[in-house]
Amino acid sequence: MPPTNEKRKLAMNIPAANPHVAKKSKHKSKSEKTAAKVVAMQGEIDRVRTRVRLEADKLKDEEEIDLEDMVFGAAVGDGGSKLQSILAGGARHVATTSDLIGELVNELDGESVNGDQEELFVIDRRKPTIVGGSQTDDENDVATDAVIEQSKSQQAAALWVDTFDNDSQELKAVDIGAGSNRLRKLRESVDETKISTQEFEARLRKQFLKLHPSPEWATNPDPTLQENYQQQEGSTSLGSVNAVLRSTKAMIDRNMRVKLAKEHLDIFRMTDANDASPSQSIVQSCKFHPNAPVLLTAGQDKTLRLFHIDGKINPKIQSVFLKDFPIHCADFSADGRQVILAGMKKHFFVYDVEGGQAERIMGIRGRDEEMFNKFVVSPSGKFIAFLGRDGYIVLISGQSKQWIANLRMNGTCTAFDFSKDGRFLYSIGGDGEVYQWDLATRQCVHRFFDEGAVNVHHLAVSPDNSFIATGSSAGIVNVYSSSSALSTSKPTPSRALMNLTTGISNLSFHPSSQALLFSSRLKKDSLKIAHCPSLNVFANWPTESTPLGYVQSSAWSPGGGYLAVGNDKGKVLLYRATAFGAC
């Protein structure tokens, strides 16, 4: 039958087939099929959940159902957690179905990615490893062994090598001949230049032990404590510790039992004692506190300064300015609570360290002196001796500062010093005769002549009362043994020290009586230290490079470990004697 007009019109309106459109329609139909599979699987999951819920409802009684309706208000949804224990049996089936859905989604993802392009990233969907917990002990052991073996096989080489630990490296020797003076101190001979690294380390250790030796209590322990420890060895009690705690003996020994070497003095410089506040003039006096690590400095700048001596910073504690009073002599009282200050005036000052007040003492009653510029404090604190005129020595009370007695010599008096126990006062005059005064009776008990005395201006008595030293304007220091000097009127000195060529301006014994310091302010770097009782002058210190300057004053610390030297530049140089305690 021939086609009608309507069919002909419809056939004319149908467009021609496009091959690209057909390919796109084919791809769309495949995606639709995959989506249909997903929907079917989701329906299967819903049916499984419904079936499981119905099975669970059959197991419930009416009271449980009423309680659930009362609490939750309706039937539990698909994801309800209160039926988790019942749904556990069907969880494996649901998980299997979920895995199937995941595979279908992956398939869709694979179709949507252009195969000609590279992946920009990868999603890791591997199952995480569970440490402990669900794994058994055997599985954990196997896993741990596997990790250890893997780490051993992948162990990296060392990142760096210390050249000092390997002699095959470049650094095999150290040059100590050139460079700083710190390395030159390690030389054993002048010609030595290079040493091995092992020898360099050994010498550094030796130098450290030389500057910081082991303390006496560690090298020579108390034998009583050793016996106590041996008796209680093996028991649980701490015998040696208990013995120390039960004893009232001082834990720090100040008995000066250390024996000073005869030929070598171990001493090194530290931070200047007044580095925090140098003097603006020459340092006329520098003295250590008898009980605390404190040093005073005073001079022509009319200022008293107190410093805390720690050897590193030495901070300033306080300073006191005395108007129109240049200080010529200053010292602590025996108890350290006061500082006595004297100058070229008819009065002197007493400064209260604790109260911070300076009191002016208007002379001494009964004495018409032009000036009180020189004094000495007795170690007992009972007396203060001032140098008077016409051979007088004026004694005043250390507490009240009132006159007690006068001691008169033949001729003039130039120097005096107390014995350590405070029982005797020794003085010397321009004629070179030494007087021994008994302070209990105020009488002269003995006199002797200083051999070859020429204008003797200084006298010192050792702390153990075994030596008496005199210093003259010719630079000669005569050292007498007390036993011989106090038994005859014309003793022979044990040693005449003639190392200086200008007048002696300072004499001071070490607190242990094992050294004597003598110096002169008239020549630069004029300071020497002699060993006692051998009376040999130490040759290793001071050296030509020791920056002493013109020495004006000096002082040993009560423990003997510090030496303070005041010079004309307003500095107080601080040195550390390693053989003794710091303070």
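Residues numbered from 1 in each chain as written. Predicted model: local features only at pLDDT ≥ 70, side-chain atom pairs only at ≥ 80, totals over all residues. Heavy atoms only, no water.

### Some words on the overall build of the protein
So the rule is basically this: We count a stretch as a helix when DSSP gives it H or I for four or more residues in a row; a strand needs E for two or more, and each element gets its number in order from the N terminus. Only protein chains enter the accessibility calculation, which uses a 1.4 Å probe. A residue is then buried if its area is under 20% of the maximum for its type, exposed if over 50%, and partly exposed in between. The contact definition used throughout considers only heavy atoms, calling two residues in contact when any of these lie within 4.5 Å. Reported accessibility uses the Shrake-Rupley method at a 1.4 Å probe radius. Residues are deemed covered only where the shown protein chains occlude them.
Counting its secondary structure elements, the protein contains eleven helices and 29 strands. Across the 583 residues in the protein, those meeting the buried criterion constitute 36%. Taking contacts inside the protein between residues at least 6 apart in sequence as the whole, the part at least 24 apart equals 46%. If you sum the accessible surface of the protein, you get close to 35900 Å²; carbon and sulfur atoms cover 53% of it.

### Focus: the pattern of salt bridges
This is how the line gets drawn: Put simply, a salt bridge is a Lys or Arg side-chain nitrogen that is within 4 Å of an Asp or Glu carboxyl oxygen.
Under the counting rule described, the total for this entry stands at ten salt bridges. Among the salt bridges present, the one from R269 reaches D272, with a minimum N-O distance of 2.9 Å. Under the relative-accessibility criterion, R269 is labelled partly exposed at 39%. The buried category is assigned to D272, whose relative accessible area is 10%. One salt-bridge network, held together by shared partners, links E188, E192, E199 and R203.

### A closer look at the sheet that holds strand β27 (residues 551-556)
Two pairing modes exist for strands in a sheet, parallel and antiparallel, and in both the strands are linked by backbone hydrogen bonds. As a reminder of what qualifies: Pairing between strands requires that DSSP locate at least two bridges from one strand to the other. Each axis is a line fitted through C-alpha atoms, taken for helices only over the stretch in contact, and angles between the N-to-C directions span 0 to 180 degrees.
On the basis of which strands lie adjacent, the open sheet formed by four strands has the order β3-β29-β28-β27 and antiparallel pairing. Two strands lie at the open edges of the sheet, namely β3 (267-270) and β27, each paired on one side alone. When strand polarity is set aside, the average angle formed by the axes of neighbouring strands in this sheet is 25 degrees. Bridge count between strand β28 (residues 562-567) and strand β29 (residues 572-577): five bridges; the pairing is antiparallel. From the neighbouring strand, G566 faces β29, where its bridge partner is V572.

### Some words on the environment of G503
In this fold, G503 is placed in the loop between β23 (495-497) and β24 (506-509). Sequence separation between G503 and V477 is 26 residues, and the spatial gap between their C-alpha atoms is 9.8 Å. Aside from chain neighbours lying at most four places away, what touches G503 is S472, S473, G475, S519, S520 and L522.

### Let's talk about the confidence of the model for the protein
The condition that has to hold: Per-residue confidence from the predictor is given as pLDDT, running between 0 and 100.
Mean pLDDT over the protein: 79, with 70% of residues reaching 70 or higher. In the model, residues 75-95 has pLDDT below 50 throughout and makes 14 contacts with residues more than four positions away in sequence or in other chains. When the criterion is pLDDT under 50, residues 111-120 qualifies, and its contacts beyond four places in sequence or with other chains add up to four contacts.

### Concerning the side chain of Q514
Condition: Pairs of N or O atoms within 3.5 Å make up the polar contacts considered here, provided that, within protein, one atom can donate a hydrogen while the other can accept it, and that residues adjacent in sequence are counted only when both atoms are side-chain atoms.
As for its position among the elements, Q514 is in the loop between β24 and β25 (515-519). In terms of polar contacts, Q514 uses its side chain to reach the backbone carbonyl oxygen of V258, at 2.5 Å.

### Focus on the sheet that holds strand β10 (residues 348-352)
Taking strand neighbours across the sheet as the criterion, the four strands line up as β8-β9-β10-β11 in an open arrangement whose pairing is antiparallel. Strands with a single pairing partner mark the edges of an open sheet, and in this sheet they are β8 (327-332) and β11 (357-361). The mean inter-strand angle of the sheet, taken between neighbouring strand axes irrespective of direction, is 20 degrees. Strand direction decides the pairing type here: β8 and strand β9 (residues 338-343), joined by five bridges, are antiparallel. Opposite I327, over in β9, you have G343 as the bridge partner.

### A look at the environment of Q399
On the secondary structure map, Q399 appears in the loop between β14 (392-397) and β15 (403-408). Take Q399: its relative accessible area is 60%, and that puts it in the exposed class. For the pair Q399 and G381, spaced 18 residues apart in sequence, the C-alpha separation works out to 7.9 Å.

### With respect to helix α7 (residues 197-211)
Convention followed: Expected span of a helix, by definition, is 1.5 Å for each gap between consecutive residues, and there is one gap fewer than residues. Read the arc as the range of directions from the helix axis to the C-beta atoms.
Over its 15 residues, α7 runs 21 Å from end to end, which matches the ideal 21 Å to within 8%, given 1.5 Å per residue. By the burial criterion, the buried members of α7 are T197, F200 and R203. The buried side chains of α7 occupy one side of the element, clustering within an arc of 120 degrees when seen end-on. Looking at α7, the residues exposed on the side facing more than 90 degrees away from the buried face are R205, K206 and L209. Considering only its buried residues, α7 is in contact with β1 (173-175), α6 (181-184) and β2 (194-196).

### Brief notes about the packing of aromatic side chains
Rule in force here: Put simply, two rings from Phe, Tyr or Trp (the six-membered ring, in Trp's case) pair if the centres are within 6.5 Å, and we call them stacked under 30 degrees between planes, edge-to-face over 60, tilted for the rest. Two limits define a charge over a ring: the Lys NZ or Arg CZ must be within 6 Å of the ring centre, and within 35 degrees of the ring normal.
A complete count under the given rule lists eight aromatic pairs for this structure. The interplanar angle of 10 degrees and the centroid separation of 5.8 Å between the aromatic rings of Y435 and W437 together place this pair among those described as stacked. When its relative accessible area of 4% is taken as the criterion, Y435 is described as buried. Judged by relative accessible area, W437 falls into the buried class, the value being 5%. Between the aromatic rings of F448 and Y480, the centroid separation amounts to 5.6 Å while the plane-to-plane angle is 65 degrees, which identifies the pairing as edge-to-face. In this pair, F448 sits in strand β19 (residues 443-449) while Y480 sits in strand β22 (residues 477-481), placing the two residues 32 residues apart along the sequence. Of the two residues, F448 and Y480, neither departs from the other in class, the shared state being buried. A network of ring pairs unites the aromatic residues F348, F372, F375 and F386 as a single cluster. The lysine or arginine in question, R576, covers the ring of Y562, its NZ or CZ lying 5.8 Å from the ring centre.

### Thoughts on the pairing of β27
Burial analysis of β27 places six of its six residues in the buried class, which makes it a mostly covered element. Sheet analysis places β27 next to β28, joined by five bridges and oriented antiparallel. Looking across to β28, one finds that S554 is bridged to V565. Two successive antiparallel strands, β27 and β28, enclose a turn made up of five residues, where G560 displays a positive phi of approximately 85 degrees.

### So, the nonpolar core
What counts is decided by this rule: Side-chain atoms within 4.5 Å are what join buried Ala, Val, Leu, Ile, Met, Phe, Trp, Tyr and Cys residues into a set we call a nonpolar core.
With 17 residues, the main nonpolar core has L527, I529, W541 and L563 as its most contacted residues. Of all the elements in the fold, those that place two or more residues in this core are β25, β26 (527-531), β27, β28 and β29.

### Re the side chain of T197
Considering the arrangement of structural elements, one finds T197 in helix α7. Residue T197 is classed as buried on the basis of its relative accessible area, which comes to 7%.

### Concerning a positive patch on the surface
We count it as follows: Within this analysis, patches are made of residues with over 30% relative accessible area and no salt bridge. Like charges are joined at 9 Å or less; nonpolar side chains (Val, Leu, Ile, Met, Phe, Trp, Tyr) at 5 Å or less. Just so you know, the count uses Lys and Arg for positive and Asp and Glu for negative, and it drops His and the chain ends. Positions of charges follow a simple convention, taking NZ of Lys, CZ of Arg, CG of Asp or CD of Glu.
Together, R182, K185, K206 and K210 make up a region of like positive charge exposed at the surface. Locating R182 in the fold gives a position in helix α6.

### Focus on the pairing of strand β4 (residues 283-288)
Both faces of the sheet carry side chains from a regular strand, because those side chains alternate between them. Here β4 lies mainly inside the structure; five of its six residues are buried. Note that β4 and strand β5 (residues 294-299) share five bridges and pair antiparallel. When the sheet's bridge partners are listed, S285 is paired in β5 with A298. Counting the residues that bridge the hairpin from β4 to β5 gives five residues.

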